[in-house]
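Structure at a glance
Each chain, letter by letter, is given below.
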Amino acid sequence: MIAAMLPVFVAAAGVGIDYGIWQREASRLQLATDAAAMGAGRLLAAQTASGAQFAAAALAAANAVTGGSWVGTLNQTPNVTVAANWSTVSVTLTSKADSYFSQLVGVPAPTLSASATSGLAVQNTACVLALSTSASPAIAVNNMGSITATGCGIFSDSNASQSIYLNSGSLVAKSIGAVGIVAKSNSGSNTMTPAPTDGDAAEANPLSNMTAPTPGACNYTNGNFTAWRATPYSFTQSANVFCGNTTIGGNSTTDTFAPGTYYVVNGSLTFNNAVITQAAGVSFVLTGSTPGAFGWTNYSGSTTITAPTTGPTAGIVVWQTCPASGSAPANSMNGGSTLALGGAFYAPCGALDINNNAKLTAASGNTMGVVVNSMQVVGSGAISANAASIGGSSAGQLSLIQ
Amino acid sequence: MKSAGAWPQRRGKRHIRGACGGVVSIEAALAISLVLMPMCLGTIGLGMALTAAARLDHAIQAAAFYAWANQGTAPSWGAANSATLAGAQSAAVAAYGTAAPAATITTAVAFYCVTSGYVQMPPAVTDTTACPAGESLATYLTIAASTSVTPPGMPDATAIPLSVTATVRVQ
């Protein structure tokens, strides 16, 4: 009896041992596939690799992580699929499991398979970005208004059915997209290049990791720097905190701003026919519990303001902070002048309205981006942005997705 | 009426049956002691080894995942990211757990000159400034984990050594 059953015991034990080995090989094959996906994923950012190069990189990474042991006989031709937009790469590895005992009793070794996907973290593409998640429209371009984004995108995070709305205007960018829908009127004078994409993933606020600096004590209260004077109003960092509504410009008097940060606390900052002759390395921060709006009303000429390159406001020319309510008053530009910025216009809780031939553009030799809650450009107003990246964002980090 | 000759015949069958029973007992004793018991102990030992190996694999996996999630950006990854190196080791140790048998887990940085078409690991390099033309410097994290398993009822000298090594690219 025992002698008769002994082969059965031995066979059962052998199959059991092989089954345990197959389980381990399957587990290690999954690790190899994870490494393969990460290895192949390294080629995503360049957007130039061929399918063969992706496969080679995947295989190399798989071999490195396992040393070729305890994964069975690995198929040397991994199945690699790269997303059309170069955002992800999926790898499937297969192997023939090792068989030590089971084949003696006619149990075939299984074919093991594992899949993994790696991808680059979502990277912002927009230099004109509306952060509102519900405004309708979050970006409105009407009556010969225009937004041009050179080398970058126009994007709205709003999920509205008119997330971006174009009516007799122009949208020209590297890409145009929205979480919701990009809509346009039937106007024959609409220009939208390239074709927009709807239902995209939201783009993150590229400046969200920055914290606005805190102003000191007030140097001016409800300042009005409009009266004529023979010498410029020269603002320096020794008195850089304006409390309440502040108006600058007019009456043919010039204004200069020494490099640094200028705060407007709980009030608006209005430039009215200002003639700014010096404003390099300058940030205007509208802050406080109830930050006011930035207003620009000039009727001719061009004014250049560039942001600091270092410090807490680096890269930002105008920064309207968010109040506790989450809603800040609308910023505006009016009149036929050009405001050329070297840096970002940043109002995460406020709108930006550009009207009546006012133009917001990049200063010569600089980059400019707009990150606001919502915006409208009307009446031949224009935004011409060109920031390849806002906030110094770099290529997205590679990570395993599944 | 019973036959007078039936008695010896029945007695002989009992004798044979008794003799067979003894043979079966001896056969069973031999089979159990020489075959089944070693087979059971061996299977248990192999199971213990596979379990320990799976724990080592788990530790390696944890270290690899940690390294992938905390990749450095500086060219000299190892020097600039010693915290990541230590973190990967900690992750592996935690994943392995504290149950016996104890394991030795180490992490190290290795540099390789690679091309986009390679499928096997080239020899490691120590000069991180001089890769041949067409090759670029790649930084890898090497994780080594080892332990040993002594099958039940066996002396320590029969311990089964187990080791797993993995190399993952981190930059």
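First things first, this report covers the structure right here in the doc. Numbers given to residues run from 1 along each chain, matching the order in which its sequence is written. As a convention, the first chain written is A and the first ligand written is 1, with the rest following in written order. Only residues with pLDDT of 70 or above have their local features reported here, since the model is predicted, and side-chain atom pairs are shown and tallied only from 80 upward, although totals for entire chains, interfaces and linings are computed over all residues. In computing side-chain properties, one takes all heavy atoms of the structure into account and sets aside hydrogens as well as water.

A word on the overall build of chain A
Applied cut-off: For helices the rule is a DSSP run of H or I covering at least 4 residues; for strands it is a run of E covering at least 2, with both sets numbered from the N terminus onward. Only heavy atoms matter for contacts: two residues are in contact if any of them lie within 4.5 Å across the pair. Accessible surface is estimated by sampling points in the Shrake-Rupley manner with a 1.4 Å probe; for residues, cover comes only from the protein chains shown.
Along chain A, the regular secondary structure elements total 2 helices and 30 strands. Across chain A, the fraction of contacts at a sequence separation of at least 24, relative to all contacts at a separation of at least 6, is 55%. Approximately 16,100 Å² of chain A is accessible, and the part contributed by carbon and sulfur atoms is 54%.

Describing the interface of chain B and chain A
Worth spelling out the cut-off: Defined in terms of a 1.4 Å probe, buried area is the accessible area two parts forfeit on being brought together, summed over both. A pairing counts as a salt bridge when a side-chain nitrogen of Lys or Arg comes within 4 Å of a carboxyl oxygen of Asp or Glu. In protein, a polar contact means a hydrogen-donor-capable atom and an acceptor-capable atom, both N or O and within 3.5 Å, with residues adjacent in sequence counting only if both atoms are side-chain atoms; elsewhere, any N or O pair within 3.5 Å suffices. Gly falls in the polar group here, along with every residue not listed as nonpolar (Ala, Val, Leu, Ile, Met, Phe, Trp, Tyr, Cys, Pro) or charged (Asp, Glu, Lys, Arg).
Between chain B and chain A, the residue contacts involve 33 residues of the former and 27 residues of the latter. Across the interface of chain B and chain A, roughly 2,500 Å² is buried in total on both sides, 65% from carbon and sulfur atoms. Counting the contacts that link chain B with chain A gives 2 salt bridges. Residue Asp57(B) is joined to Arg28(A) by a salt bridge in which the shortest nitrogen-to-oxygen separation is 3.0 Å. At the junction of chain B with chain A, the criterion picks out 4 residue pairs in polar contact (both at pLDDT 80 or more). Mapped onto the side of chain B that touches chain A, the elements with two or more residues apiece are α1 (6-69) and β4 (160-169) of chain B. Looking at the side of chain B that touches chain A element by element, the count peaks at 17 residues for α1(B). Of the residues that constitute the side of chain B that touches chain A, the class distribution is 21 nonpolar, 9 polar and 3 charged.

Quick word on helix α2 (residues 51-66) of chain A
All names here are of chain A. Where we set the bar: Given the number of residues in a helix, its expected span is that number minus one, multiplied by 1.5 Å. Residue exposure (1.4 Å probe, protein chains only): buried if accessible area is under 20% of the type maximum, exposed if over 50%, otherwise partly exposed.
Here α2 contains 16 residues, and its C-alpha end-to-end distance of 23 Å stays within 8% of the 22 Å for a straight helix at 1.5 Å per residue. Within α2, 13 of the 16 residues are buried, which leaves it mostly tucked inside the rest of the structure. Just past α2, the residue Gly67 takes up positive phi, approximately 65°.

Regarding helix α3 (residues 82-96) of chain B
Residues and elements named next belong to chain B. Under the 1.5 Å per step criterion, the end-to-end length of α3 is 21 Å for 15 residues, consistent within 8% with the ideal 21 Å. Within the span of α3, buried status applies to Thr84, Leu85, Gly87, Ala88, Ala91, Ala92, Ala95 and Tyr96. Residue Gly97 follows α3 closely and has a positive phi angle near 90°.

Things to note about the side chain of Ser156(A)
Residue and element names in this part refer to chain A. The topology assignment puts Ser156 in strand β7 (residues 146-156). On the accessibility criterion, Ser156 (0% relative accessible area) is buried. Discounting chain neighbours no more than four positions away, the residues touching Ser156 are Ala130, Ala138, Ile139, Ser163, Ile164, Gly177, Ala178 and Val179.

Section: the state of the cysteines
All names here are of chain A. This is how the line gets drawn: Whenever a pair of cysteine sulfur atoms sits within 2.5 Å, that pair is classed as a disulfide.
Going through the model one piece at a time under the given rule, you end up with 4 disulfides over all chains. Note on cysteine connectivity: Cys218 is disulfide-linked to Cys243, with sulfurs 1.7 Å apart. Here Cys218 and Cys243 share a disulfide; its torsion about the S-S bond, -85°, makes the bridge left-handed. With Cys218 in the loop between β11 (191-193) and β12 (220-221) and Cys243 in strand β15 (residues 241-243), this residue pair connects regions lying 25 residues apart in the sequence. Judged by relative accessible area, Cys218 falls into the partly exposed class, the value being 44%. The class of Cys243 is buried, set by a relative accessible area of 9%. Regarding the disulfides, chain A carries the connectivity 1-2, 3-4, 5-6 under sequence-order numbering of its bonded cysteines.

Some thoughts on the nonpolar core
Where we set the bar: Residues belong to one nonpolar core when they are buried, are Ala, Val, Leu, Ile, Met, Phe, Trp, Tyr or Cys, and are joined through side-chain atoms within 4.5 Å.
Ranked by internal contacts, the top residues of the largest apolar core, which has 76 residues, are Ile147(A), Phe257(A), Phe271(A), Phe345(A), Leu360(A), Met375(A) and Ile383(A). A total of 8 residues in this core trace back to one element, the largest contributor, which is strand β26 (residues 338-354) of chain A.

Topic: the pattern of salt bridges
Scanning the model with the defined rule gives 2 salt bridges over all chains in all. Arg24(A) serves as the salt-bridge partner of Asp57(B), at 2.7 Å between the closest nitrogen and oxygen. Placement of the pair is Asp57(B) in helix α1 and Arg24(A) in helix α1 (residues 2-41), with the two residues belonging to separate chains. The buried category is assigned to Asp57(B), whose relative accessible area is 6%. Classification of Arg24(A) by relative accessible area gives buried; the value is 8%. If you follow the salt bridges from partner to partner, you end up with Arg24(A), Arg28(A) and Asp57(B) in one network.

Overview of the packing of aromatic side chains
Residues and elements named next belong to chain A. Just so we agree on the cut-off: Centres within 6.5 Å are what make two rings of Phe, Tyr or Trp a pair, Trp counting through its six-membered ring; a difference in plane orientation under 30 degrees is then read as stacked, over 60 as edge-to-face, and the rest as tilted. For a ring to carry a charge above it, either NZ of a lysine or CZ of an arginine must fall within 6 Å of the ring centroid while also lying within 35 degrees of the normal to the ring plane.
For the structure on display, the rule yields 20 aromatic pairs over all chains. Ring plane angle 90° and centroid distance 5.0 Å describe the contact between Phe225 and Phe235, whose orientation is recorded as edge-to-face. Of this pair, Phe225 sits in strand β13 (residues 224-225) while Phe235 sits in strand β14 (residues 233-235), placing them 10 residues apart in sequence. Accessibility assignment for this pair places Phe225 and Phe235 in one class, buried. Pairwise contacts between aromatic rings join Tyr220, Phe225, Tyr233, Phe235, Phe242, Phe257, Tyr262, Phe271, Phe284, Phe294, Trp296 and Phe345 into one cluster. Across from the ring centre of Tyr233, 4.3 Å away, lies the NZ or CZ of Arg229, which sits over that ring.

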